[in-house]
Amino acid sequence: MSRQYTEEEDKLISWFKDNYKNIIVGLLFGIFVVFGFKYYTDINSNKQYEISLKYEEAIKDYQNNKYDKVISLSKDYQAAHPSNIYTSMISLYVAKIYHDQEKYKESLENLEFIINNSSSKEMQMIANTRYTRILILQEKYNDAENFITSIIGYNNNILLLEMLGDISYLQSDIIKAKEYYRACLKLDTTPNSRIIIENKLNSVQ
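Read on for an overview of the structure. Given the structure is predicted, the values throughout are model-derived calculations rather than measurements. (Residues numbered from 1 in each chain as written. Predicted model: local features only at pLDDT ≥ 70, side-chain atom pairs only at ≥ 80, totals over all residues. Heavy atoms only, no water.)

Any two packed helices are characterised by how steeply their axes cross, that is the angle between the axes, and by the distance between the axes. Two elements in contact, helix 7 (residues 158-170) and helix 8 (residues 174-185), have axes separated by 7 Å at closest approach and are oriented at 165 degrees. Between helix 7 and helix 8, the crossing angle belongs to the class labelled roughly antiparallel. Crossing geometry of helix 7 relative to helix 8 is assigned as left-handed. Residues Ile-158, Leu-161, Glu-162, Leu-164, Gly-165, Asp-166, Ser-168 and Tyr-169 of helix 7 pack against Ile-174, Lys-176, Ala-177, Tyr-180, Tyr-181, Ala-183 and Cys-184 of helix 8. Split by residue class, the contact of helix 7 with helix 8 holds ten nonpolar, two polar and three charged. (Axes fitted to C-alpha atoms, helices over the stretch in contact; angles between N-to-C directions. Helix = DSSP H or I, 4+ residues; strand = E, 2+ residues; numbered from the N terminus. Parallel < 35°, antiparallel > 145°, perpendicular 65-115°, else oblique. Left-handed = near helix turned anticlockwise from the far one by under 90°. Contact = heavy atoms within 4.5 Å. Nonpolar A, V, L, I, M, F, W, Y, C, P; charged D, E, K, R; others polar.)

This paragraph deals with the packing of aromatic side chains. For the coordinates displayed, the defined rule picks out four aromatic pairs. For the ring pair Tyr-55 and Tyr-86, a centre distance of 5.2 Å and an interplane angle of 55 degrees mean the geometry is tilted. With a gap of 31 residues between them, Tyr-55 in helix 1 (residues 2-63) and Tyr-86 in helix 3 (residues 85-100) connect regions that are remote in the sequence. Judged by relative accessible area, Tyr-86 falls into the buried class, the value being 18%. (Phe/Tyr/Trp six-rings, centres within 6.5 Å; stacked < 30°, edge-to-face > 60°. Buried < 20%, exposed > 50% of the residue type's maximum accessible area, 1.4 Å probe, protein only.)

Here it is in structure tokens:
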């Protein structure tokens, strides 16, 4: 029994002699991966912090009606960090700046950038909604309708359906407008929103 145990030890030692280089390489690789990942994570965390800091500084300027830094930073972020959440947020501010200045083309371009690049579904939906509202404001009703119906899942989104109802009403298509408003009422919504939609449905003639 003792001899058998010794033979097993000999086999283990022999195996270690034959493979120790591979073991050492594996250990070093493992250490490299762990520390490399930590370094990568730290770098990304620092970068995200810098992005957020510049964003906050730009928003302070926005609140003081100073828009140059906001627009400039948005362009920088769109080029360097297209899918970052802060890029989406500052692009929304820029879209609003252009909207308020009645520069609708520039506003639409910034909203379109968010739609095509943002990693946030919520940001994309906000941009979709605002994009549609600008088209409606410009009385581009067919473009607005086509845009909404191109959005995946639009028929399960109460805001988009309500706007489709509004577009139909503005085009004097009362039957279609009522269909959209009724579709809205089949979805979950807030009491206030439900009242507004019910009033629209009851008022369209």
